Amino acid sequence: MTTTSETPEQGASTSAANGSDLKGNADDYELPWVEKYRPVLLKDIVGNEETVSRLQVIGQEGNMPNIIISGPPGIGKTTSILCLANELLGPLQKEAVLELNASDDRGIDVVRNRIKMFAQKKVSLPASRHKIIILDEADSMTAGAQQALRRTMEIYSSTTRFALACNMSSKIIEPIQSRCAILRYTRLSDYQILKRLTEICDAEKVKFTPEGLEAIIFTSDGDMRQAINNLQATSSGFGIVTPEHVFKVCDQPHPVLVKQLVEACVGAQVDGALDKVRTLWMQGYSAVDIISTLFRVVKTFDMEEYIKLEFIKEIGLTHMKILEGTQTLVQLSGLIARLCKLKMNPAMFVV
């Protein structure tokens, strides 16, 4: 059954590029949806409610500490920092905020020049407000740059605060971690992503089927940015969001076929399972694509818990071998044989 939206106002309950609704301005219709519908206030951020509530308290009371936000990509780390800066500084944000992507500007010269010069810059701010330096992908900074940064954080602590976004906080040196409040974000739930996608579909008058949105959620794996990009790509390419269109755009193995593969393994049907793997391989999917989808299907598959854990163990070991370079059909076939063996009678293998 195909579902279409009525008006942009319906379901448009979260903030968009204009900060109040999802309709957007006439000037920003050419923007990618991931930017067009980026929240500008902390209350509009989807997911990680407990952590975001701590940022809301900081936004209301001021006196922001140095912070590190860590977590997987596409879950709102940088957006949260930008929203916090907006609530703390308002129209002064253009003068009092420096945003750098540390994966590009990652050397010690950037700390010594751009960051230090901005920290020394004089800006008139209200009481308990500070200049903010945002370092995205901070775990990509070199060790020398991080060592220089820790000293800069100390010297200019009275006027400047640092906000670091990273995927792995363990790659940030201990001296910087000890100077910051560390906030950890987790992947978004399927319901949270579905709610946001539905709002965007209503605002953009996108035609979709419920199964199509489920397919987008499956391909995004908790990543809101990827989910919105996949939605826009599918809608632009096909005009309607269905599972078939989504998996064509995302170029991932169809989970229904992978589920049939898992069912054959659980039933110890070696020949049937190998046929499914060969079918996926002949369709042009790489070993990484196949095994990644296989893992996500097994996670939600209804089977005995101990068997599921053994399946995940075997898939993980094979995934490691594939990432090391052995991306062959033989490697996948060996995995299928081991998975089927787990469900076979052990007496069959006694010599």
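Going by what an unreviewed UniProt entry lists, the protein is known as Replication factor C subunit 2 and is assigned to Spizellomyces punctatus. Within the UniProt record for the protein, the comment given under Sequence similarities (unreviewed entry) is "Belongs to the activator 1 small subunits family." Checking UniProt for the protein, the heading Subcellular location (unreviewed entry) contains the comment "Nucleus".

K.L.:
Would you mind showing me how to read the overall build of the protein here?
P.N.:
Helix and strand counts for the protein stand at 16 helices and seven strands. By the burial criterion, 48% of the 351 residues in the protein qualify as buried. Once local pairs closer than 6 in sequence are excluded, the contacts in the protein between residues at least 24 apart make up 73%. For the protein, the accessible area works out to roughly 17,300 Å², and carbon and sulfur atoms hold 52% of it.

K.L.:
Whenever I open this one, the nonpolar core confuses me. Can you help?
P.N.:
Counting 48 residues, the largest nonpolar core has Leu-55, Met-64, Leu-84, Ile-132, Leu-197, Ile-216 and Leu-231 as its most contacted members. Residues lining this core come from more than one domain, with at least three contributed by each of domain 1 (36–184) and domain 2 (190–250).

K.L.:
Even after reading the chapter, I still don't get the packing of aromatic side chains, so can you show me in this structure?
P.N.:
One pair of aromatic rings is described through two measures. These are the centre distance and the angle between the planes. The full count for this structure, using the stated rule, is one aromatic pair. Aromatic pair Phe-218 and Phe-247: ring centres 6.4 Å apart, planes at 70 degrees, arrangement edge-to-face. Highlighted residues: Phe-218 in helix α9 (residues 210–220) and Phe-247 in helix α11 (residues 243–250), separated in sequence by 29 residues. Of note, Lys-131 hangs over the ring of Phe-118, and the distance from its end group to the ring centre comes to 5.7 Å. A cation sits over an aromatic face here: Arg-296 above Phe-218, 4.6 Å from the ring centre.

K.L.:
What is the right way to look at unusual backbone geometry in this model?
P.N.:
Generally, phi is negative for residues other than glycine and the peptide bonds are trans, each holding for most cases. Residues other than glycine seldom take positive phi values, yet Asn-63 does so here, at roughly 55 degrees. Residue position: Asn-63 is located in the loop between α2 (49–61) and β1 (67–70). Positive phi is not limited to glycine here, since Lys-205 has a value of about 55 degrees. Turning to its location among the elements, Lys-205 is positioned in the loop between α8 (190–204) and β6 (207–208). Of the residues examined, Lys-205 reaches a relative accessible area of 53% and is grouped as exposed.

K.L.:
Before we go on, may I ask you to explain the state of the cysteines in this structure?
P.N.:
Within the structure shown, the criterion is met by zero disulfides. Here Cys-166 stays free of any disulfide, with the sulfur of Cys-180 as its closest cysteine sulfur at 9.6 Å. Here Cys-166 falls in the buried class, since its relative accessible area comes to 1%.

K.L.:
For this particular structure, what's the right way to read the confidence of the model for the protein?
P.N.:
In low-pLDDT segments, the atomic positions of the prediction should not be examined closely. Averaged over the protein, the pLDDT score is 84; the fraction of residues at 70 or greater is 90%. Low confidence marks residues 1–21, where pLDDT is under 50. Its contacts with residues over four positions away, or in another chain, come to 59 contacts. Here residues 23–28 scores under 50 on pLDDT; set against residues more than four positions off or in separate chains, the count is nine contacts.

K.L.:
Honestly, the sheet that holds strand β4 (residues 160–166) in this entry has me stumped. Any pointers?
P.N.:
Sheet strands line up and pair through hydrogen bonds in the backbone, either parallel or antiparallel. Strand order in the open sheet formed by five strands is β2-β3-β4-β1-β5, and the pairing between neighbours is parallel. Every other strand in the sheet has two partners, leaving β2 (97–101) and β5 (181–184) as the edge strands with one partner each. Between one strand axis and the next, the sheet turns through 15 degrees on average, direction left out of account. Here β1 pairs with β4 via four bridges, running parallel. Within β4, the position partnered with Ile-67 by the bridge is Ala-163.

K.L.:
Help me out: how do you make sense of the side chain of Glu-204 in this one?
P.N.:
By the secondary structure assignment, Glu-204 is in helix α8. At a separation of 2.3 Å, a polar atom in the side chain of Glu-204 contacts the side chain of Tyr-37. Setting aside residues no more than four positions away along its own chain, Glu-204 makes contact with Trp-33, Lys-36 and Tyr-37.

K.L.:
Quick question: what am I supposed to make of the pattern of salt bridges here?
P.N.:
It is possible for side chains bearing opposite charge to pair when their charged atoms get close. Applying the stated criterion across every chain, the model contains 10 salt bridges. Arg-151 is paired through a salt bridge with Glu-154; the nearest N and O atoms lie 2.9 Å apart. On the criterion of helical spacing, the pair formed by Arg-151 and Glu-154 is a turn pair, its members being three residues apart in helix α6 (residues 143–155). Given the relative accessible area of 39%, Glu-154 is considered partly exposed. A salt bridge links Glu-199 to Arg-196; the shortest N-O distance between them is 3.4 Å. Here Arg-196 and Glu-199 lie together in helix α8, a separation of three residues that amounts to about one turn. Residue classification places Glu-199 among the buried positions, given a relative accessible area of 5%.

K.L.:
Can you walk me through the pairing of β4 in this structure?
P.N.:
Within a regular beta strand, the side chains point alternately toward one face of the sheet and then the other, so they alternate between its two faces. Along β4, seven of the seven residues are buried, which leaves the element largely enclosed by surrounding structure. Residues Thr-160, Phe-162, Leu-164 and Cys-166 of β4 are buried on one face, and the alternating residues Arg-161, Ala-163 and Ala-165, pointing to the opposite face, are buried as well. Bridge analysis of strand β3 (residues 131–136) against β4 gives five bridges, and the strand direction is parallel. When the bridges of β4 are listed, Lys-131 appears paired with Thr-160. Considered for its hand, the β-α-β crossover made up of β3, α6 and β4 is right-handed.

About the thresholds
Residues numbered from 1 in each chain as written. Predicted model: local features only at pLDDT ≥ 70, side-chain atom pairs only at ≥ 80, totals over all residues. Heavy atoms only, no water. UniProt positions renumbered as here; feature names shortened; annotations may be inferred. Helix = DSSP H or I, 4+ residues; strand = E, 2+ residues; numbered from the N terminus. Buried < 20%, exposed > 50% of the residue type's maximum accessible area, 1.4 Å probe, protein only. Contact = heavy atoms within 4.5 Å. Areas by Shrake-Rupley, 256 points an atom, 1.4 Å probe, with all protein chains shown as cover. Core = buried A, V, L, I, M, F, W, Y, C linked by side-chain atoms within 4.5 Å. Domains from an automatic or database assignment. Phe/Tyr/Trp six-rings, centres within 6.5 Å; stacked < 30°, edge-to-face > 60°. Lys NZ or Arg CZ within 6 Å of the ring centre and 35° of its normal. Disulfide = S-S within 2.5 Å. pLDDT = per-residue confidence, 0-100. Pairing = 2+ DSSP bridges. Axes fitted to C-alpha atoms, helices over the stretch in contact; angles between N-to-C directions. Polar contact = N/O pair within 3.5 Å; in protein donor to acceptor, adjacent residues only side chain to side chain. Salt bridge = Lys/Arg side-chain N within 4 Å of Asp/Glu carboxyl O. Right-handed = clockwise from strand over helix to strand, strands pointing away.

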